[in-house]
Amino acid sequence: MSERGPYRVGVVGATGAVGTTILEVLAERGFPAAEVVPFSSERSAGAKLPYDGGELECRPLSAEAIAGLDLVLSSAGGKVSAEWAPRFVESGAVVVDNTSYWRMHDDVPLIVAEVNPDALDSHRGIVANPNCSAMQMLVALGPLHRAVGIERIVVSTYQPVSGTGRRAMQELEAQTHAILHGSEVPPAAVYPHRIAFNVLPQVETFKAGDDYTTEERKMMAETRKILGATEDELKISATCVRVPVLKGESESVNVQTREALSPEECRRILAGAPGVMVVDAPGDGVYPLATEAAGRDQVLVGRIRRDPSHERCLNMWIVGDNLRKGAATNAVQVAELLHERGLVRVPEGAAATPASN
Ligand SMILES: NC(=O)c1ccc[n+]([C@@H]2O[C@H](COP(=O)([O-])OP(=O)(O)OC[C@H]3O[C@@H](n4cnc5c(N)ncnc54)[C@H](OP(=O)(O)O)[C@@H]3O)[C@@H](O)[C@H]2O)c1
């Protein structure tokens, strides 16, 4: 896909961890954009951002500034998406939204490009990009579900600070630097506890009366929506953990299949699956690592082995770059699919706020 045009593409949250990666990926993949327009809050208005060998100037969101856009890739937080996604749609642009705000709405498709691209066909102007943890897990589990059916998943995540954004990366770096230099450690501001040299069994927040975090709830609900499964059809339990890593999310996944699946057959299915790289020679020290996944678009899968406690269960270790496949790359893949399928258009009568979930 190397020709330029025909779309005017808005990137909302363009100065953020995800937004800057979206600009990189759009240029790398040669997305057919006649123009790319970066948006931020007033704070970063006027900032110059690198794009495709040149520079783009960031602007704040306004009714005038968004006129004439065809496609918007948005990652400026749920509050911005709640307000602005319907306004983009009303002005004629299709939105690929990275926040959690629209993901569970009934008429908003939630898409992993390799797993459920056909769900795009019914979009009503807004398409949602899944949570990074669910996304990378499903790139690997989607093909297994198609082949033998999955009835239960138990997953623990090891999530990097870039998943929380720029300020969290600065917090880890500043705390680590202070500890290593024997100076006063800056107090935790983004996270509830110090993240440097620590492991936090909390990603996002606990809603009143719930002993699972909002991240764990999202992972469970979004996995079912993407695979089109009910709670009865697919049991899932998630524990989400923040670790002092900058980029690259790791996941320990226990999968119970409907039909028996050997580790060898699992490796064979995954070796032929789009977006997956099998990295699995543990005796030689070869397995997926966050450092190896960072900067790549594939999801790495290894440590594939039988669970000795159950005849239809396998364990595996799944690693991906949360900013690339977990966010920016999938958003750009969705934009490419919309382009290829002639779906960069808002269907008639879709300008109203989508139905709630
Ligand atoms: N990080 C990940 O791995 C990841 C993965 C999937 C989804 N997401 C989701 O993507 C969103 C952004 O995440 P991030 O990690 O990129 O955060 P981030 O690094 O904190 O960046 C936030 C971006 O939003 C902009 N922004 C904030 N308030 C705004 C407003 N009122 N109007 C316009 N722009 C505004 C910021 O602009 P300024 O420079 O002006 O502040 C910045 O560009 C979140 O909803 C997050 O849940 C993140």
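Criteria and thresholds
Residues numbered from 1 in each chain as written. Predicted model: local features only at pLDDT ≥ 70, side-chain atom pairs only at ≥ 80, totals over all residues. Heavy atoms only, no water. Pairing = 2+ DSSP bridges. Helix = DSSP H or I, 4+ residues; strand = E, 2+ residues; numbered from the N terminus. Axes fitted to C-alpha atoms, helices over the stretch in contact; angles between N-to-C directions. Contact = heavy atoms within 4.5 Å. Buried < 20%, exposed > 50% of the residue type's maximum accessible area, 1.4 Å probe, protein only. 1 Å grid on protein atoms, 1.4 Å probe; cavity = no way out; pocket = protein on both sides within 12 Å on 5 of 7 lines; lining within 4 Å. Points joined across faces, edges and corners; volume = space filled by probe spheres on them. Nonpolar A, V, L, I, M, F, W, Y, C, P; charged D, E, K, R; others polar. Parallel < 35°, antiparallel > 145°, perpendicular 65-115°, else oblique. Expected span 1.5 Å × (residues − 1). Disulfide = S-S within 2.5 Å. Near = heavy atom within 4 Å. Polar contact = N/O pair within 3.5 Å; in protein donor to acceptor, adjacent residues only side chain to side chain. Sits in = over half its atoms within 2 Å of the grid points.

A. The sheet that holds strand 9 (residues 150-159), seen in detail. Within the open sheet, the 6 strands sit side by side as 10-9-11-14-13-12. Their pairing is mixed. Each of the sheet's edge strands pairs with one partner strand only, and the pair in question is strand 10 (235-242) and strand 12 (276-278). With strand direction ignored, the average angle separating the axes of adjacent strands in the sheet is 20°. Bridge analysis of strand 13 (residues 299-306) against strand 14 (residues 313-320) gives 5 bridges, and the strand direction is antiparallel.

B. Focus on the pairing of strand 4 (residues 54-57). Pairing of strand 3 (residues 48-51) with strand 4 involves 4 bridges; the strand directions are antiparallel. Counted as the bridge partner of L49 is L56 from strand 4. Linking two consecutive strands that pair antiparallel, namely strand 3 and strand 4, is a turn of 2 residues; a positive phi of about 50° is found at D52 within it.

C. Region of interest: the sheet that holds strand 8 (residues 126-128). Across the sheet, which stays open at both edges, the 6 strands sit in the order 5-2-1-6-7-8 with parallel pairing between neighbours. With partners counted over all chains shown, the strands left at the sheet margins are strand 5 (59-60) and strand 8, one partner each. Note that strand 1 (residues 7-12) and strand 2 (residues 33-40) share 6 bridges and pair parallel. The partner of Y7 across the bridge, within strand 2, is A33. In the packing of helix 8 (residues 324-340) onto the sheet, the strands contacted are strand 1, strand 6 (71-74), strand 7 (94-97) and strand 8, and the crossing angle to strand 6 comes to about 165°.

D. Spatial organisation of the environment of R146. As for its position among the elements, R146 is in helix 3 (residues 132-148). Under the relative-accessibility criterion, R146 is labelled exposed at 53%. Put simply, R146 and A189 are 43 residues apart on the chain and 43 Å apart in space, counted from C-alpha to C-alpha. Look past the residues within four positions of R146 in its chain and what remains in contact with it is E114 and V115.

E. Here's a closer look at the layout of surface pockets. Looking at the largest pocket, its volume works out to about 1400 Å³. Forming the walls of the largest pocket are 48 residues, and the residues nearest its centre are S75, A76, G77, T164 and G165. When residues of the lining of the largest pocket are traced back to their parent elements, those giving at least two are helix 1 (17-28), strand 2, helix 2 (78-90), helix 4 (166-180), helix 5 (214-227) and helix 8. Within the lining of the largest pocket, the residues separate by chemical class into 17 nonpolar, 22 polar and 9 charged. Roughly 320 Å³ of volume is contained in the second largest pocket. Lining the second largest pocket are 17 residues, and of these S100, K207, T214, R217 and K218 sit closest to its centre. Taken together, the residues that form the lining of the second largest pocket break down as 4 nonpolar, 6 polar and 7 charged.

F. The arrangement of the packing of helix 3 against helix 8 in detail. Relative to each other, helix 3 and helix 8 sit at 85°, their axes nearing to 8 Å. Accordingly, the angle class assigned to the pair helix 3 and helix 8 is roughly perpendicular. Contacts between helix 3 and helix 8 pair C132, M135 and V139 from the former with K325, G326, A327 and N330 from the latter. Classifying every residue of the contact of helix 3 with helix 8 gives 4 nonpolar, 2 polar and 1 charged.

G. Molecular detail of the environment of N322. Among the secondary structure elements, N322 is positioned in the loop between strand 14 and helix 8. Ignoring anything within four residues of it in the chain, the contact list for N322 reads C132, P160, S162, G163, K247, G248, E249 and A327.

H. Focus on helix 1. With 12 residues, helix 1 ought to run about 16 Å at 1.5 Å a step, and its terminal C-alpha atoms sit 17 Å apart, in line with that. In terms of burial, helix 1 is largely enclosed, as 9 of its 12 residues are buried. Looking one or two places after helix 1, you find G30, whose phi comes out positive at around 60°.

I. Seen up close, the state of the cysteines. Counted by the stated rule, this structure contains 0 disulfides. For C240, which is in no disulfide, the shortest distance to another cysteine sulfur is to C132 and amounts to 8.9 Å. Taking relative accessible area as the criterion, C240 reaches 0% and is therefore assigned buried.

J. Inspection of the site of the ligand at higher detail. As a matter of local geometry, the ligand sits amid 25 residues, with T15, V18, S41, S44 and S162 nearest to it. Note that an oxygen atom of the ligand is positioned 3.1 Å from one of the backbone N or O atoms of G13. Contact between the ligand and N322: an oxygen atom at 3.1 Å from a side-chain N or O atom of the residue. Put simply, the ligand lies in the largest pocket. Taken together, the residues that form the shell around the ligand break down as 8 nonpolar, 15 polar and 2 charged.

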